[in-house]
Protein chains: 2
Amino acid sequence: MPVGTQGSVKTLLQRDLESIGAGIILGNTYHLMLRPGDALIARLGGLHRFIGWSRPMLTDSGGFQVFSLADRRRLIEDGAEFRSHLDGSLHMLTPERAVDIQARLGSDIAMVLDECLAYPATHDAAAASMTRSARWARRCRERFLAGMPAAEGPGTNPGQAQFGIVQGGLFPDLRKESADLTREMGFEGYALGGLSVGEPIEEMYATVELTAGRLPPNQPRYLMGAGTPEDLVECVARGVDMFDCVMPTRNARNGQLFTSEGRINIRNAQYVDDTRPVDPRCNCYTCTHHSRAYLRHLYMAGEAVARTLNTLHNLTFYLDTMQRIRDAIALRTFETFRQEFLRLRSS
Amino acid sequence: MPVGTQGSVKTLLQRDLESIGAGIILGNTYHLMLRPGDALIARLGGLHRFIGWSRPMLTDSGGFQVFSLADRRRLIEDGAEFRSHLDGSLHMLTPERAVDIQARLGSDIAMVLDECLAYPATHDAAAASMTRSARWARRCRERFLAGMPAAEGPGTNPGQAQFGIVQGGLFPDLRKESADLTREMGFEGYALGGLSVGEPIEEMYATVELTAGRLPPNQPRYLMGAGTPEDLVECVARGVDMFDCVMPTRNARNGQLFTSEGRINIRNAQYVDDTRPVDPRCNCYTCTHHSRAYLRHLYMAGEAVARTLNTLHNLTFYLDTMQRIRDAIALRTFETFRQEFLRLRSS
């Protein structure tokens, strides 16, 4: 899922996203609730209509951004109190409020509010945080099943689904307990939270394998906030179905491009007269129309469209990688694909 | 002609430009000669190939930007000496060099080097400047007709045309003399320079009418650097065929949008929940897919795509205006169109 933080996947038109085959995008509840505000979006018919996007959308709970505010937030049992990064105004994000806001936005998949544990954490801290997340998840599920309060008006998407989130840090016993608790609540899908936060990659993979294995095989499993192209392949191998990450879009804006043979930085002087496309294996608009030399020129000249062209390419690379994974699974050649993919990119 | 300063019409992909029917774009010789450099562009096959644009392109001579450098340039009979705004390096732009650089770029229409007179100017200053521009034009034409010097290698566009530029400030006698001198040199087309530089609009219109009337009716007449939508209509009425201006693109990036009923600034609070398109008469991607409310949100949130959507709209408005002018001329209804266009936009 490309990340559309403020109702737009940065630098792209919605038709650009459609053209690269984006089947679902993510919106950040924290940003949208503050600007332009969930009440306004609801009044204008919901997020799909507001941003002109008819394909599926997932919204996060807003918790991750709130917990990133550090000294501008305070955590209590009822929820998280925080000050807006825009104007310093005071807000309270409770499990119920996170559900209501997402109902107003009308996303297709809403996430429960969870506590995002910092890495590293002790077993005690991780246990306390995980059980709090479980209590919050239960409150979210109850609110979700009760439907929007009448005073709030109708939600804008009666078909909205809700995903629970497994926490527990890197501790196998806590992950197992969290997976079981979350599963018992009966969500439409399940996410793996609290990963890709700085832990060693092998620990992340081990935790993904353990956690995904305890979640229902016939429901979507979503790894939040990951990752590199290698992570996509390795985590699908361990049971993950869905990902979101700002890496393809953010790195594109910094000139870093993903290719079938590894990453390149388009600012490098070696590309000044390189007439080859970024990735000869790629069929995106950027690779079929422009040379590395032109992309480097645009980037060095500070032209905004450099970021658009880079973003188109990186997202295409990510979406193509997922498509190739799906194809390989269907053809029962995933293991061969996986080895070849990793070999090419480390060569 | 949308202005593509550094080999890109700011914020747009080439396919966006094609989709709005841009038949020709402008490139700035000053910027391109400094970065990435005309030698590099020639080595990579010329500007069309370098930027991936197969439709016509016009390049200016570089003179206008050089004269804008104020204390970083020195004017002598041979040409203009200047320091790069990028790294302070010293360069000399002579009439011959302006021709050679544009030959290397391989644009479809090249412009002669002229002296850009500041407004206001005395008759003496305007006369001296105009005769110098005429001497430079003669040198440009000779160089152009002689073809690229063998040592420079072949130009990248054997079909390149060259336009002369009429100067003379706002003085009818000087404009007439300049038009006659320029016409005698036998260019493929003729431009009106030194206008839209701060003079009263009625003086510009009068000078355009006088000058255009003395230029060959069967060759293109190009008013450089103008103007507002009203200017397009009023100057076509006075004999102009071609325009270039940064106004639609620059204003778009500042949130100012042109509509059939006048200009609006999308930042204004009144648009916060306005579900109407920018211009209900417009068929551009922006107007057919997005509301003023969404455009305002994107702009206020600092999303780069706001500038892309605004630029798509403004350029569409300009190109549609020119198309409507052409249609009206073909239908012999131009005078009716003109009155209705001006009435709607001032209402």
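Residues numbered from 1 in each chain as written. Chains lettered and ligands numbered in written order. Predicted model: local features only at pLDDT ≥ 70, side-chain atom pairs only at ≥ 80, totals over all residues.

1. Considerations on the pairing of strand S12 (residues 262-265) of chain A
All names here are of chain A. Of the strand pairs in this sheet, strand S11 (residues 256-259) and S12 are connected by four bridges, and their pairing is antiparallel. By the bridge assignment, Gln256 is partnered in S12 with Asn265. With antiparallel pairing between neighbouring strands as the criterion, S11 and S12 make up a hairpin whose turn holds two residues. (Pairing = 2+ DSSP bridges. Helix = DSSP H or I, 4+ residues; strand = E, 2+ residues; numbered from the N terminus.)

2. Focus on the environment of Leu181 of chain B
As for its position among the elements, Leu181 of chain B is in helix H8 (residues 172-184). Separated by 128 residues in the primary sequence, Leu181 of chain B and Leu309 of chain B place their C-alpha atoms 44 Å from one another.

3. Description of unusual backbone geometry
Residue and element names in this part refer to chain B. Omega for the bond connecting Arg35 with Pro36 falls within 30 degrees of zero, at 5°, which places this linkage in the cis form. Mapped onto the elements, Pro36 comes out in the loop between helix H2 (29-34) and helix H3 (38-43). Cis geometry is adopted by the peptide bond preceding Pro120, which originates at Tyr119 and carries an omega value of -5°. In this fold, Pro120 is placed in the loop between strand S6 (109-111) and helix H7 (123-146). With a phi close to 60°, Ser196 is a non-glycine residue in the positive phi region. With respect to the helices, strands and loops of the structure, Ser196 is situated in the loop between strand S8 (189-192) and helix H9 (201-212). Phi at Arg332 is positive, roughly 60°, even though this residue is not glycine. Turning to its location among the elements, Arg332 is positioned in the loop between helix H14 (304-330) and helix H15 (334-346).

4. With respect to the pairing of strand S4 (residues 79-83) of chain A
Residue and element names in this part refer to chain A. With four bridges connecting them, strand S3 (residues 73-76) and S4 associate as antiparallel partners. Residue pairing in the sheet places Arg73 in a bridge with Phe82 of S4. The turn joining S3 and S4, which pair antiparallel and follow one another in sequence, is formed by two residues. Note: S4 against strand S5 (residues 90-93), four bridges, orientation antiparallel. Residue pairing for S5: Ala80 is matched across the bridge by Leu93. Where S4 folds back onto S5 in an antiparallel hairpin, the turn is made up of six residues, including Gly88, whose phi is positive at roughly 75°.

5. Concerning the interface of chain B and chain A
On the chain A side, the residues contacting the 33 residues of chain B number 33 residues. When residues of the side of chain B that touches chain A are assigned to their parent elements, the largest contribution, five residues, is made by helix H13 (residues 292-300) of chain B. Among the residues forming the side of chain B that touches chain A, the class breakdown is 15 nonpolar, 11 polar and seven charged. (Contact = placed C-beta atoms within 7 Å. Nonpolar A, V, L, I, M, F, W, Y, C, P; charged D, E, K, R; others polar.)

6. What about the packing of helix H10 (residues 229-237) of chain B against H14 of chain B?
Residues and elements named next belong to chain B. It is the contact of H10 with H14, at a shortest axis distance of 10 Å, that shows an interaxial angle of 25°. Comparing the axis directions of H10 and H14 gives the class roughly parallel. Here H10 runs over H14; the crossing is right-handed. Residues Pro229, Leu232, Val233 and Val236 of H10 pack against Phe317, Tyr318, Thr321, Met322 and Ile325 of H14. (Axes fitted to C-alpha atoms, helices over the stretch in contact; angles between N-to-C directions. Parallel < 35°, antiparallel > 145°, perpendicular 65-115°, else oblique. Left-handed = near helix turned anticlockwise from the far one by under 90°.)

7. As for the domain arrangement of chain A
Residues and elements named next belong to chain A. Taken as a whole, chain A is organised into domain 1 (14-245) and domain 2 (253-346). On a C-alpha basis, the centres of domain 1 and domain 2 stand 29 Å from each other. Taken together, the contacts link 10 residues of domain 1 with 15 residues of domain 2. Counting residues per element, the side of domain 1 that touches domain 2 draws most heavily on helix H10 (residues 229-237), at six residues. Tallied by class, residues from the side of domain 1 that touches domain 2 come to seven nonpolar, one polar and two charged. (Domains from an automatic or database assignment.)

8. Quick notes on the relation of the copies chain B and chain A
The operation relating chain B to chain A is a screw motion whose rotation component is 180°, with 0.0 Å of axial translation and a residual RMSD of 0.0 Å. Both copies of the chain, as the preceding transformation shows, are related through a two-fold rotation axis. In terms of proximity to the rotation axis, the leading residue of chain B is Ala304 of chain B, whose C-alpha is 3.9 Å off the axis. Comparing interface residues between copies, 100% of those in chain B also sit at the interface in chain A, which points to an isologous, same-surface contact. (Least-squares fit on C-alpha atoms with pLDDT ≥ 70 in both.)

9. A few points about the packing of helix H13 (residues 292-300) of chain A against helix H14 (residues 304-330) of chain A
Residue and element names in this part refer to chain A. Remark: H13 packs on H14, axes separated minimally by 7 Å, with the N-to-C direction vectors making an angle of 135°. When the axis of H13 is compared with that of H14, the two are oblique. Considering only the axes of H13 and H14, their crossing is left-handed. Here Leu295, Leu298 and Tyr299 of H13 come into contact with H14, specifically with Val305, Ala306, Leu309 and Asn310.

10. As for the sheet that holds strand S8 (residues 189-192) of chain A
All names here are of chain A. Spatially, the seven strands line up as an open sheet ordered S1-S2-S6-S7-S8-S9-S10, and their pairing is parallel. Since the sheet does not close on itself, it has two edges, and those belong to strand S1 (25-27) and strand S10 (242-243), each with one partner. Where S8 lies against strand S9 (residues 221-223), three bridges are found, and the strand directions are parallel. Following the sheet pairing, Tyr190 is matched in S9 by Arg221.

11. A closer look at helix H6 (residues 95-105) of chain A
All names here are of chain A. In terms of burial, H6 is largely enclosed, as nine of its 11 residues are buried. All of the buried residues along H6 are Pro95, Arg97, Ala98, Val99, Ile101, Gln102, Ala103, Arg104 and Leu105. Of the residues trailing H6, Gly106 is marked for its positive phi of about 75°. (Buried ≥ 20, exposed ≤ 12 C-beta atoms within 10 Å, placed from the backbone.)

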